[in-house]
Amino acid sequence: MYCMGTFLFPLNAFAESGYVGDQFTLSRPNLPYYASKIRRVTWNGLYDSCLSGYETSTGAIVRITSFFEGSKTVSCEVEYEWVSGDRTLTSHASKTYTIYCNAVSITVTNPNMTMKVGQKQRISYYLSPTKNATLTFTSSNSSVASVSSTGEVTALGVGSATITIKQNLGYDATCNVTVTEPVAATSITLPAEATVYAYSTLTLYPTLQPSEANPTLTWESANVSIASVDQNGKVTGNNPGTTTITVTTDNNLSASCTLTVKDVDRTPQQFDIADDFSQKTVYVGDSWRIPYTVTPSYAKYTLIWTSSDESVATVGSGGYVTALKQGTTRITASIEGTSLTDYCDVMVKAIPNVLTIWFANGQRSDIKLSEHISVTFGTDKFAVKSATVDVEYDAADVAKFTLENDDSENTAIEAVETGNAAEGTMTFDGNAIRLYGFTPGSSVRLYTVGGQSVGSHRVGRDGSLTISLDGLRPGIHIVKTESITYKIIKK
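The model shown is predicted, which means the values in this text are computed figures rather than measured ones.

Let us look at the overall build of the protein. Secondary structure summary: the protein contains 0 helices and 48 strands in total. Here the protein holds 491 residues, and the buried ones make up 41% of them. Just so you have it, the protein exposes about 25,400 Å², and 47% of that area is on carbon and sulfur atoms.

Here you go:
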């Protein structure tokens, strides 16, 4: 007897956030192990006015095309069949993504500008985070102040105007401009002497006659290595010593101040290695730099770096560490002449050559890997292929997989990601990397083990890509797709 039934699988909700131009790889909902056939896959929300997207063989790619407030919803519903006795039933699994668009903010550092008729001044601003935004500048009163496409304001008449900076990646910003008639100065004076500490600031204020005078002022330091000054009279002490700060009006009146810069105590007070680096697990051949901070920032110091076992990892004067062999070591940094010290415990692991598969029923399987290995963890199948191994399991039966080293000969390729994150298949024959079943148009990048980029490629329309290693130096290199990272050794 053949009959149809309906069963709703629980809804899965997820969130993604990014900026205009960012894209996300969305996966279909997971199906239960008893699902026998997919009947229909339906995506909703891929083609919103602020989003663009397309379906792939395993999910969908969605991209934020323009800024929006609030959120957008993209959902996927999979209709599948399953068998119960002599009946074939129909069920649905759903997965919902909430997409948020982060705003790029514009901060104007001179939001209130006072200018004289005929004067030009540029609006000072910065974007956070730094993005390639499209900016448009407009004036609310172009007879008072006009503005160029680069943010330069020209004062044309007495009055006020608001300059608006519009952008395509977030919220707008404004700058208020007040334009006055120029009043010439008849005299200008500064304090005869002033003192500032190194690494501190002091603002000098000139006295003008008449009091309503509003000349354009030019500031200058006779020795910028001792002290520098900006065009607002803000002085920064750079090094101990004495220099002269001079201000000049637009009608060539000038005044000077003898500035003394006093030294400060540059003894280091605190030293810390970044928390994320107090412990680090790496593979043989990895190199990296240990980040640290010294307080105060202007302290004078000499760092002494040591490794408790230099056969495992060595460390250079700049905190650059190189992993040499499997084992553990402590990298210690101390400020010479003080008790300030901190350390990073490093565990160096050999490149994995044993794949352990952990099954949903609690069992496990260890597979010895050879140089030519591919690991594919897809929606339906989990497959491992190499020169000596060719096995396949139902994906629903596999809980996770891990990679370790049994202290024997290293493998030449490592799938770093674990869990249901991999896509496609990668093979490596020592001369070329070949990828199959990846998302068309997705990026694949090559890096040295130290993180330097050595190439960027795009997967073809058929989901495949071949990368020749001709010209690539022998050694360990990193291959990164959009969902999995591999480590290869070119001999």
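Once that is clear, we can look at the pairing of strand β8 (residues 105-108). With burial as the criterion, only one face of β8 is covered, namely that bearing I106 and V108; the residues S105 and T107 on the opposite face remain uncovered. Two elements, β8 and strand β11 (residues 125-128), share 4 bridges in a ladder whose sense is antiparallel. Residue pairing across strands places S105 opposite S128, the latter belonging to β11.

Judged by pairing direction, the sheet is antiparallel, and its 3 strands sit side by side in the order β2-β5-β4 without closing on themselves. Strand pairing shows two members of the sheet lacking a second neighbour, β2 (23-27) and β4 (51-55), which therefore form its edges. Between one strand and the next, the sheet's axes are offset by a mean angle of 20 degrees, whatever the strand orientation. The pairing of β2 with strand β5 (residues 59-64) spans 5 bridges and is classified as antiparallel. Paired with F24 across the two strands is V62, which belongs to β5.

The next subject is the nonpolar core. Grouped together as the largest cluster of nonpolar side chains are 23 residues, with contacts concentrated most on F271, W288 and I290. Only β26 (270-273), β30 (303-307), β31 (313-315), β32 (320-323), β33 (327-335) and β34 (341-349) provide two or more residues apiece to this core. In this structure W288 touches F277, K280, V282, G319, Y320, V321, A323 and V346, once residues within four positions along its chain are discounted. Ranked by size, the runner-up nonpolar core spans 21 residues in total, among them M113, V147, A155 and I163.

Turning our attention to unusual backbone geometry. That bond from S128 to P129 is cis: its omega, -5 degrees, falls within 30 degrees of zero. In this structure, P129 sits in the loop between β11 and β12 (135-139). Following T295, the chain continues into P296 via a peptide bond in cis, with omega recorded as 0 degrees. Relative to the assigned elements, P296 resides in the loop between β29 (292-295) and β30. For Y199, which is not glycine, the phi torsion reads 70 degrees and is therefore positive. Notably, N252 is not glycine yet its phi reads approximately 70 degrees, a positive angle. Take N252: it is sitting in the loop between β24 (241-248) and β25 (254-262). We classify N252 as exposed; its relative accessible area is 67%.

What follows is about the packing of aromatic side chains. Evaluated as defined, the whole model comprises 8 aromatic pairs. Cluster of aromatic residues (ring-pair linked, three or more members): Y33, Y34 and W82. When the ring centre of F14 is taken as origin, the NZ or CZ atom of K95, which lies over that ring, is 4.5 Å away. Directly above the ring of Y343 sits R330, whose terminal nitrogen or CZ lies 3.6 Å from the centroid.

This part is about the sheet that holds β12. Sheet strands line up and pair through hydrogen bonds in the backbone, either parallel or antiparallel. Reading across from one edge, β9-β16-β15-β12 is the order of the 4 strands in this open sheet, with mixed pairing throughout. One side of each edge strand has no neighbouring strand; the edge strands of this open sheet are β9 (112-116) and β12. Averaged over all neighbouring strand pairs, the angle between strand axes comes to 25 degrees, with direction disregarded. Of the pairings in the sheet, the one linking β12 to strand β15 (residues 159-167) comprises 5 bridges and is antiparallel in character. Counterpart to S139 in the pairing with β15 is I163.

Put simply, the protein has an average pLDDT of 84, and 88% of its residues get 70 or more. For residues 1-11, every residue scores under 50 in pLDDT, and the model assigns this stretch 31 contacts once sequence neighbours within four places are set aside. Across residues 409-422, confidence stays below pLDDT 50; counting only partners more than four residues off in sequence or on other chains, it has 52 contacts.

For the rest of this paragraph, the subject is the pattern of salt bridges. Should their charged atoms come close, side chains of opposite charge can pair. Taken as a whole and assessed by the stated rule, the structure comprises 8 salt bridges. Where E79 meets R39, a salt bridge forms, and the shortest distance between an N and an O atom there is 3.4 Å. Of the two residues, E79 sits in strand β6 (residues 71-84) while R39 sits in strand β3 (residues 35-44), which places them 40 residues apart along the sequence. The shortest N-O distance in the salt bridge between R40 and E79 comes to 2.1 Å. Separated by 39 residues along the polypeptide, R40 in strand β3 and E79 in strand β6 bring together distant segments of the chain.

The rules behind each value
- Residues numbered from 1 in each chain as written.
- Predicted model: local features only at pLDDT ≥ 70, side-chain atom pairs only at ≥ 80, totals over all residues.
- Heavy atoms only, no water.
- Helix = DSSP H or I, 4+ residues; strand = E, 2+ residues; numbered from the N terminus.
- Buried < 20%, exposed > 50% of the residue type's maximum accessible area, 1.4 Å probe, protein only.
- Areas by Shrake-Rupley, 256 points an atom, 1.4 Å probe, with all protein chains shown as cover.
- Pairing = 2+ DSSP bridges.
- Axes fitted to C-alpha atoms, helices over the stretch in contact; angles between N-to-C directions.
- Core = buried A, V, L, I, M, F, W, Y, C linked by side-chain atoms within 4.5 Å.
- Contact = heavy atoms within 4.5 Å.
- Phe/Tyr/Trp six-rings, centres within 6.5 Å; stacked < 30°, edge-to-face > 60°.
- Lys NZ or Arg CZ within 6 Å of the ring centre and 35° of its normal.
- pLDDT = per-residue confidence, 0-100.
- Salt bridge = Lys/Arg side-chain N within 4 Å of Asp/Glu carboxyl O.

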